[in-house]
Amino acid sequence: MTETRYSYTRLRGERVEISEILSSRIENMRKLLLGNEAIAQAAIESGVGVVCGYPGTPSTEILETAARLKADAPNLYIEWSTNEKAAVEVAAGAAYSGVRVLVTMKQVGLNVASDPVMCLSYIGVKGGMVIVVADDPGPISSQTEQDTRHFAEYAHIPVLDPSSPEEAYLMTKAAFLMSQRLGKPVILRPTTKVCHASATIQIAEYRIQNIEDRYSPLRGEHCDDLKDLHRELPAGAPRFVKDPRWVIFPPLAYRRHNEIAEMLQKESESATEFDKFYNEHSRYGIAAGGVTWAILNDVLIDLDVIISRLKIGRPHPAPLRLADTFLAETECVLVLEELDPVIEDILISRKGVIGRDIQIMGKRSGFVSHAGELLYADIKKYVCDFLGLSNHDNEEDLIAAPDCTPVRAPVLCAGCPHRASFYAVKTAAKGKNPIYCGDIGCYTLGNAKPLETTDTCLCMGAGITIAQGIKHSNPDTTVFGFIGDSTFFASGITGLANAVYNNVDVNIIILDNRITAMTGGQPHPGTGKTMMNTDSPPIDIEAVVKALGVGFVKKCNPFDQVSAVETVKSAVDFNGTSVVIFEAPCINLIKKPKLYTVEGCIGCMRCVNEIGCPSIFVEDKTAKINSDLCYGCGLCQYVCKAGKIKEVTL
């Protein structure tokens, strides 16, 4: 047992080794940080000058933390961009100028940003650029399970895959150094568990602590003195230097493609400090990366097993020689990773190169599930099956919630204006053969009973454009496209322009609750506030819609149900593209104005069956209102035709 513990003490000591490699600290301290907070902290210490992003779980807290730490970096510029594409392009301009930049998004946001990211791979950068793409295995709060490691290989961009908040902190610093050394963006790919786990992390007092980092965060110039890294640019000094390299043309792309291939091939010949082979001289070996690596080591300690292990911290370009060494020392390999068989494919390829007939068990062989997170219990089962061990789980190993935990589908909050908006549209559309095209945001929850006003939901902005395709194919239907205010600015404007340009008879409902609600209440172009806490002219959605040439544009409060229903009916009767803007603030922006109670309920259940407000419940066959949940919107009073719901004065 002593030998086993010593073996894994050495394993967990790898963080100390990495720390020694990356840091020459003058002073340091320890902080309890989320993984997202650790990434922001490391970026600040690395001298980041511009941080851009678009909110999306599980990445949102990175940019918000950077904003809180702005006092440590007074010249730092931070923005919530209108979408991920805009964020990357803004950051690219700063990176061209020699400024270190950080861009944040979730995995589906990378789809939106893919155009500039692909081009930046060819053009390159001057200042270090780190693109944080938070993957969401599960998926817990996303439309898809995407593995950004594939995109990194496709785009010819290096990617680092942290296994813990501590490693996310260290990898962020390493990513800036790698980006500046290679002149290319580098992707950091934390997954949900890394983003939202907490760890006590030793942080540096100074923004840049690696004595070997000889590059200015502002200008990319060679420095001889560590203190030079913190100096300010002199007033009026040029930052962007004109150079043909910044203009992408086919001949440049062709030349750069060959150069990038050679660069990545050279990088793959060596391992980073995050790639490790722990050779225990065993016939069996396990390869892993990301958070799966951390869980695997806990499982092996609990099983009291010593086995050779390969950790891949930089899946692209993969450390091929290290992989070859691992394969040369083993006869049968288990690969554990989230989500796709990226490491597995690397090892399958390399076993052919080195000419060894090694059995590799993982997702390709059907041994490991393709979908979802790999939880402790899953990994323990795979390891035990792989090694032929008994798996005697006890209650502490069970990850699933106990039977007593109630299961409840996500619903719109009590008092949410979207409920009133959906109800008004549904009321107005009775008898019209309606089809409801939804979008990404809180209002996706309009799919739930009893509202049932979300028939499609694809991706951000698609509510408007999917509606057009359905109308072209189903001209006898009344088609609605729903979209939120933040999503309208992010990706809805072009879809609306398409509807006007092609004269499509669709009814677009813009749900303006004055905030980016689902991801935590971030500002957007319509709020008049920026992430720098400065005022800006709020962009008027109604004015934008009219400027696009929409023939019918009306704005109203969804809680005024009589007016709201009549407005939607008028929009449906209009021949052409119509837009109704429902304006009412998210409940997180207001105090409870009033409460409601039920007096003398007749048991018709109309309030329960038609609006599904979570504050309304049934007891003894009568409807009642939970005053703790009620937010005083008054929709239930409108729905109750018996007049049994009364206002309560606060």
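Being a predicted model, the structure only gives us computed values, none of them experimental.

## Some words on the overall build of the protein
Moving on, step 1. In terms of regular secondary structure, the protein is built from 21 helices and 22 strands.
Moving on, step 2. Relative to its full complement of 650 residues, the protein shows a buried share of 55%.
Moving on, step 3. A separation of at least 24 residues holds for 77% of the contacts in the protein among residues at least 6 apart in sequence.
Moving on, step 4. Element-wise, carbon and sulfur atoms account for 52% of the exposed surface of the protein, whose accessible area totals about 27800 Å².

## Here we look at the confidence of the model for the protein
Moving on, step 1. For the protein, per-residue confidence averages 86 on the pLDDT scale, and residues scoring 70 or more make up 88% of the total.
Moving on, step 2. This stretch, residues 206-238, has a pLDDT under 50; its non-local contacts, to residues over four places away or in other chains, come to 78 contacts.

## Re helix α13 (residues 342-354)
Moving on, step 1. Along its 13 residues, α13 runs 19 Å from first to last C-alpha, staying within 8% of the 18 Å computed at 1.5 Å per residue.
Moving on, step 2. Turning to α13, its buried residues are Val342, Ile343, Glu344, Ile346, Leu347 and Arg350.
Moving on, step 3. Buried-residue contacts for α13 involve α7 (148-155), β10 (284-288), β11 (308-311), α12 (320-328), β12 (332-336) and β13 (359-361).

## Observations concerning the nonpolar core
Moving on, step 1. With 46 residues, the main nonpolar core has Phe480, Phe488, Ile510, Val545 and Phe582 as its most contacted residues.
Moving on, step 2. Element by element, the count of residues in this core is highest for helix α19 (residues 561-573), at five residues.
Moving on, step 3. The residues touching Ile510, leaving out its near neighbours within four places in the chain, are Ile483, Phe488, Ile541, Val545, Val579, Val580, Ile581 and Phe582.
Moving on, step 4. Judged by nonpolar contacts, the second largest core, of 41 residues, contains Leu33, Ala73, Val291 and Met531.

## Observations concerning the sheet that holds strand β18 (residues 578-583)
Moving on, step 1. One open sheet holds the five strands; their spatial order is β14-β15-β16-β18-β17, and the pairing between them is parallel. Single-partner strands in this sheet number two, and they are β14 (434-437) and β17 (552-556). With strand direction ignored, the average angle separating the axes of adjacent strands in the sheet is 20°.
Moving on, step 2. Judged from the five bridges that link them, β17 and β18 form a sheet pairing that is parallel. The partner of Lys555 across the bridge, within β18, is Ile581.
Moving on, step 3. Sheet contacts for helix α16 (residues 462-473): β14, β15 (478-484) and β16 (507-512); angle to β15, the most-contacted strand, approximately 170°.
Moving on, step 4. Across the sheet, helix α17 (residues 485-501) lies against β15, β16 and β18, angled at about 135° from β15, the strand it touches most.

## What about the packing of aromatic side chains?
Moving on, step 1. Here the structure, examined in full by the defined rule, presents twelve aromatic pairs.
Moving on, step 2. Each ring, one from Tyr436 and one from Phe482, has its centre 6.2 Å from the other, and the planes form 40°; the classification is tilted. Note that Tyr436 is positioned in strand β14 and Phe482 in strand β15, a separation of 46 residues in sequence.
Moving on, step 3. What makes Tyr436 buried here is its relative accessible area of 5%.

## Looking at unusual backbone geometry
Moving on, step 1. In this chain, Thr57 is followed by Pro58 through a cis amide linkage whose omega measures 15°.
Moving on, step 2. Tracing the chain through its elements places Pro58 in the loop between β2 (50-53) and α4 (60-68).
Moving on, step 3. Residue Glu338 is joined to Leu339 through a cis peptide bond whose omega torsion reads 0°.
Moving on, step 4. Looking at the secondary structure, you find Leu339 in the loop between β12 and α13.
Moving on, step 5. Positive phi values are uncommon outside glycine, yet His156 reaches one of about 60°.
Moving on, step 6. With respect to the element layout, His156 can be found in the loop between α7 and β6 (159-160).

## Observations concerning the pattern of salt bridges
Moving on, step 1. Evaluated as defined, the whole model comprises 29 salt bridges.
Moving on, step 2. A salt bridge links Arg149 to Glu337, with the nearest nitrogen and oxygen atoms 2.8 Å apart. With Arg149 in helix α7 and Glu337 in the loop between β12 and α13, this residue pair connects regions lying 188 residues apart in the sequence. By the burial criterion, Arg149 is buried, and Glu337 matches it.

## Describing the sheet that holds β12
Moving on, step 1. Ordered by their spatial adjacency, five strands build an open sheet running β9-β11-β10-β12-β13, and the pairing between neighbours is mixed. A single partner strand is all that each edge strand has here, and the edge strands are β9 (276-278) and β13. Recorded for the sheet is a direction-independent mean angle of 15° between the axes of neighbouring strands.
Moving on, step 2. Looking at chain direction, β12 and β13 are connected through three bridges and run parallel. Directly across from Cys332, in β13, lies its bridge partner Gln359.
Moving on, step 3. Set on the sheet, α12 makes contact with β9, β10, β11 and β12; between it and β11 the angle comes to about 165°.

## What about the side chain of Asp439?
Moving on, step 1. Mapped onto the elements, Asp439 comes out in the loop between β14 and α16.
Moving on, step 2. Within the buried core, Asp439 has no salt-bridge partner, and the shortest N-O distance to an opposite charge, that of Lys106, equals 12 Å.
Moving on, step 3. Here Ala462 takes part through its backbone nitrogen, which lies 3.3 Å from a polar atom of the side chain of Asp439.
Moving on, step 4. For Asp439, the contacting residues outside a window of four places in its chain are Thr444, Cys457, Cys459, Met460, Gly461, Ala462, Gly463, Ile464, Phe482, Ile483 and Thr487.

## Focus: the packing of helix α5 (residues 84-96) against helix α6 (residues 107-123)
Moving on, step 1. Contact pair α5 / α6: the axes reach a minimum separation of 7 Å and the direction vectors enclose 25°. Of the possible angle classes, the one that applies to α5 and α6 is roughly parallel. Residue-level inspection shows Glu84, Lys85, Val88, Glu89, Ala92 and Tyr96 of α5 in contact with α6, the latter providing Gly109, Val112, Ala113, Asp115, Pro116, Val117, Leu120 and Ile123.
Moving on, step 2. When grouped by side-chain class, the residues that make up the contact of α5 with α6 number nine nonpolar, one polar and four charged.

Scoring rules and cut-offs
Residues numbered from 1 in each chain as written. Predicted model: local features only at pLDDT ≥ 70, side-chain atom pairs only at ≥ 80, totals over all residues. Heavy atoms only, no water. Helix = DSSP H or I, 4+ residues; strand = E, 2+ residues; numbered from the N terminus. Buried < 20%, exposed > 50% of the residue type's maximum accessible area, 1.4 Å probe, protein only. Contact = heavy atoms within 4.5 Å. Areas by Shrake-Rupley, 256 points an atom, 1.4 Å probe, with all protein chains shown as cover. pLDDT = per-residue confidence, 0-100. Expected span 1.5 Å × (residues − 1). Core = buried A, V, L, I, M, F, W, Y, C linked by side-chain atoms within 4.5 Å. Pairing = 2+ DSSP bridges. Axes fitted to C-alpha atoms, helices over the stretch in contact; angles between N-to-C directions. Phe/Tyr/Trp six-rings, centres within 6.5 Å; stacked < 30°, edge-to-face > 60°. Salt bridge = Lys/Arg side-chain N within 4 Å of Asp/Glu carboxyl O. Lys, Arg positive; Asp, Glu negative; His and termini not counted. Polar contact = N/O pair within 3.5 Å; in protein donor to acceptor, adjacent residues only side chain to side chain. Parallel < 35°, antiparallel > 145°, perpendicular 65-115°, else oblique. Nonpolar A, V, L, I, M, F, W, Y, C, P; charged D, E, K, R; others polar.

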